[in-house]
Amino acid sequence: MATERTLSILKPDATRRNLTGKINAKFEAAGLRIVAQKRLQLSVAQAEAFYGVHRERGFFRDLVTFMVSGPVVVQVLEGEGAVAANREIMGATNPANAAPGTVRAEFAESIEANSVHGSDSAENAAVEIAFFFAGIEIVG
């Protein structure tokens, strides 16, 4: 399996509850390295652009509203099979279906406030990483 990079976002519900360290400890314990990280407050325009693929879906407006409701931590995780590893650590989108020990099983408040976002493919990871980070900001 190849070394990959993937985007991880710690959502407003996680930052509001000071869970950044606990969530990142799970990524690091699984062998992923944080090679870029910043805390920011998304604007409506940024959230709409980032989640634009969902623009026609019924949950789009609620998602944007939630993602601008507080600070987020955007970060790049690196490691062997990072995309799949991150998704396994995060758990199912619906925390009711997330395996015990996953981020969403432990920390999510709801299907929307599920604490984390992760890229779903290597191709999308490249696009998502470029949305938030310049190459010079990623230090492996």
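Note that residues are indexed from 1 along each chain, following the sequence as it is written. Where local features are concerned, this predicted model is filtered to residues with pLDDT of at least 70; where side-chain atom pairs are given and counted, the filter is 80 or more; whole-chain, interface and lining totals use all residues. Only hydrogens and water are set aside; all other atoms, that is, all heavy atoms of the structure, feed into the side-chain values.

Participant: Explain the environment of Glu106 residue by residue, including any values.
Facilitator: Counting from the N terminus, the helices are DSSP H or I runs at least four residues long and the strands are E runs at least two residues long. Here Glu106 is to be found in helix H6 (residues 103–107). The cut-offs for exposure are 20% and 50% of the maximum accessible area for each residue type, with area from a 1.4 Å probe on protein chains only; residues under the lower value are buried, those over the upper are exposed, and the others partly exposed. Glu106 gets classed as partly exposed once you look at its relative accessible area, which sits at 43%. The sequence separation of Glu106 and Glu28 amounts to 78 residues, and the corresponding C-alpha distance is 16 Å. It only takes one pair of heavy atoms within 4.5 Å for two residues to be counted as in contact. Among residues more than four places away in sequence, those in contact with Glu106 are Lys26 and Gly101.

Participant: A description of the side chain of Arg104 should follow, citing residues and the corresponding values.
Facilitator: Along the chain, Arg104 falls in helix H6. Buried and unpaired, Arg104 has Asp13 as its nearest opposite-charge partner, separated by 8.5 Å. Within 3.5 Å is the distance limit for a polar contact, defined as a pair of N or O atoms, with the added protein rule that one can donate a hydrogen and the other accept it, and that residues adjacent in sequence qualify only through two side-chain atoms. A distance of 2.9 Å separates the side chain of Arg104 from the backbone oxygen of Gly91, its partner in a polar contact. For the charge count, each Lys or Arg is scored as positive and each Asp or Glu as negative, with His and the chain ends excluded. Each salt bridge in this description consists of a side-chain nitrogen of Lys or Arg and a carboxyl oxygen of Asp or Glu lying within 4 Å of one another.

Participant: Now, about the nonpolar core: what can you tell me, with residues and values included?
Facilitator: The nonpolar side chains of a soluble globular protein tend to be buried, and buried together. Buried residues of nine kinds, namely Ala, Val, Leu, Ile, Met, Phe, Trp, Tyr and Cys, make up a nonpolar core once their side-chain atoms join them within 4.5 Å. Membership of the largest hydrophobic core comes to 21 residues, with the highest contact counts inside it found for Ile9, Met67, Phe132 and Phe133. Counting residues per element, the ones that place at least two in this core are strand S1 (3–10), strand S2 (33–40), helix H3 (44–50), helix H4 (60–67), strand S3 (72–80) and helix H7 (122–132). In terms of residues, this core owes the most to one element, H4, which gives five residues. With residues near it in sequence (within four places) discarded, Phe132 still touches Leu7, Ile9, Lys38, Leu40, Leu42, Phe50, Val74 and Glu137. Among the nonpolar cores identified, the runner-up in size contains 14 residues, and Leu32, Leu77, Val103 and Val116 belong to it.

The quantities given are spatial measurements derived from coordinates; they are silent on function.
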